[in-house]
Amino acid sequence: MDKKMQQAFNEQIKNELYSAYIYLAMAADLEARTLPGFAHWMKVQYKEEVSHAMKMFEFLNDRGVKVLLQGIPQPTLEYASVLEIFEATLKHEQKVTALINNLCDLAKELNDRAATVFLQWFVSEQVEEEKNATQIIQTLKMIKPEGPALIMLDRELAKRE
Ligand code: FEO
């Protein structure tokens, strides 16, 4: 694998683990607000991000490339509201989408067909990720903060598998 592609994948493994760390910090904030359903949703999100990093980790292994792990920054620890948490989630996912698109462009430029095919899964996944965050933001905007509807939504989000 081209060195530039290797470096870009190592960087994206860090970005996925950083995403996991952000969502784990959000889960902690939601737990502190006594919203266990929202916190559960974020913990599932955290696990998904770890699995994204591991998909890339295994892909590099399969290609005979040694993974070089990078430092992960500290995430934001406190948010002003539940809505702010989900707005930050969407903004973060939009950034990740741009990063995945850059990876796709690089794979194409380097004529790395295996990487191009591998990255298609991530392209589709980002559509799903942005959709999920957007739907929760829209629902949160429809309900009163701290009202009974927030508790109903908390129970709904507790069902995420
Ligand atoms: Fe791994 Fe949420 O993108």
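Okay, so let's go over this structure.

The rules behind these values
Residues numbered from 1 in each chain as written. Predicted model: local features only at pLDDT ≥ 70, side-chain atom pairs only at ≥ 80, totals over all residues. Heavy atoms only, no water. Helix = DSSP H or I, 4+ residues; strand = E, 2+ residues; numbered from the N terminus. Buried < 20%, exposed > 50% of the residue type's maximum accessible area, 1.4 Å probe, protein only. Contact = heavy atoms within 4.5 Å. Areas by Shrake-Rupley, 256 points an atom, 1.4 Å probe, with all protein chains shown as cover. Lys, Arg positive; Asp, Glu negative; His and termini not counted. Charge placed at Lys NZ, Arg CZ, Asp CG, Glu CD. Core = buried A, V, L, I, M, F, W, Y, C linked by side-chain atoms within 4.5 Å. Expected span 1.5 Å × (residues − 1). Polar contact = N/O pair within 3.5 Å; in protein donor to acceptor, adjacent residues only side chain to side chain. Phe/Tyr/Trp six-rings, centres within 6.5 Å; stacked < 30°, edge-to-face > 60°.

### What about the overall build of the protein chain?
Secondary structure assignment for the protein chain yields 5 helices and 0 strands. From first element to last, N terminus to C terminus, the protein chain shows the α and β order α-α-α-α-α. Within the protein chain, the fraction of its 161 residues that count as buried is 44%. For the protein chain, long-range pairs separated by at least 24 residues make up 83% of all intrachain contacts whose partners lie at least 6 apart in sequence. With an accessible surface of roughly 9000 Å², the protein chain has 55% of that area assigned to carbon and sulfur atoms. Positive and negative side-chain charges in the protein chain, numbering 19 and 24 respectively, have mean positions lying 1 Å apart.

### So, the environment of Phe59
Within the secondary structure, Phe59 sits in helix α2 (residues 36-62). We classify Phe59 as buried; its relative accessible area is 10%. In this structure, the C-alpha to C-alpha distance between Phe59 and Ala115, residues 56 residues apart in sequence, is 8.7 Å. If we ignore the near neighbours within four places in the chain, the residues touching Phe59 are Met1, Phe9, Ala114, Ala115 and Phe118.

### Topic: the nonpolar core
Counting 23 residues, the largest nonpolar core has Leu30, Phe38, Met42, Phe86 and Leu140 as the members making the most contacts within it. Secondary-structure elements contributing two or more residues to this core are α1 (3-32), α2, α3 (82-109), α4 (113-142) and α5 (148-157). Examining the composition of this core, we find that 5 residues originate from one element, α1, more than from any other. Ranked by size, the runner-up nonpolar core spans 20 residues in total, among them Ala53, Ala107, Phe118 and Phe122.

### Things to note about α1
Taking 1.5 Å per residue as the helical rise, α1 with its 30 residues ought to reach 44 Å, and the 44 Å between its terminal C-alpha atoms agrees with that figure. At the N-terminal boundary of α1, the capping side chain belongs to Asp2, with an oxygen 2.7 Å from the backbone nitrogen of Lys4. Downstream of α1 by a residue or two, Thr34 has a phi angle that is positive, lying close to 55 degrees.

### As for the side chain of Gln6
Tracing the sequence through the fold places Gln6 in helix α1. On the basis of relative accessible area, Gln6 is assigned to the buried category, the value being 17%. Dropping the residues within four chain positions of it, Gln6 is found in contact with Met1 and Val65.

### Focus on the packing of aromatic side chains
Counted under the stated rule, the structure contains 7 aromatic pairs. Summarising the aromatic geometry, the rings of Phe118 and Phe122 are spaced 5.4 Å apart at their centres and angled 50 degrees between planes, so their arrangement reads as tilted. A residue pair is termed a helical-turn pair when its members lie 3 or 4 positions apart in one helix, as Phe118 and Phe122 do in helix α4 at 4 residues. Classification of Phe118 as buried rests on a relative accessible area of 16%. Clustering of aromatic rings is evident, with ring pairs tying together Phe9, Phe59, Phe118, Trp121 and Phe122.

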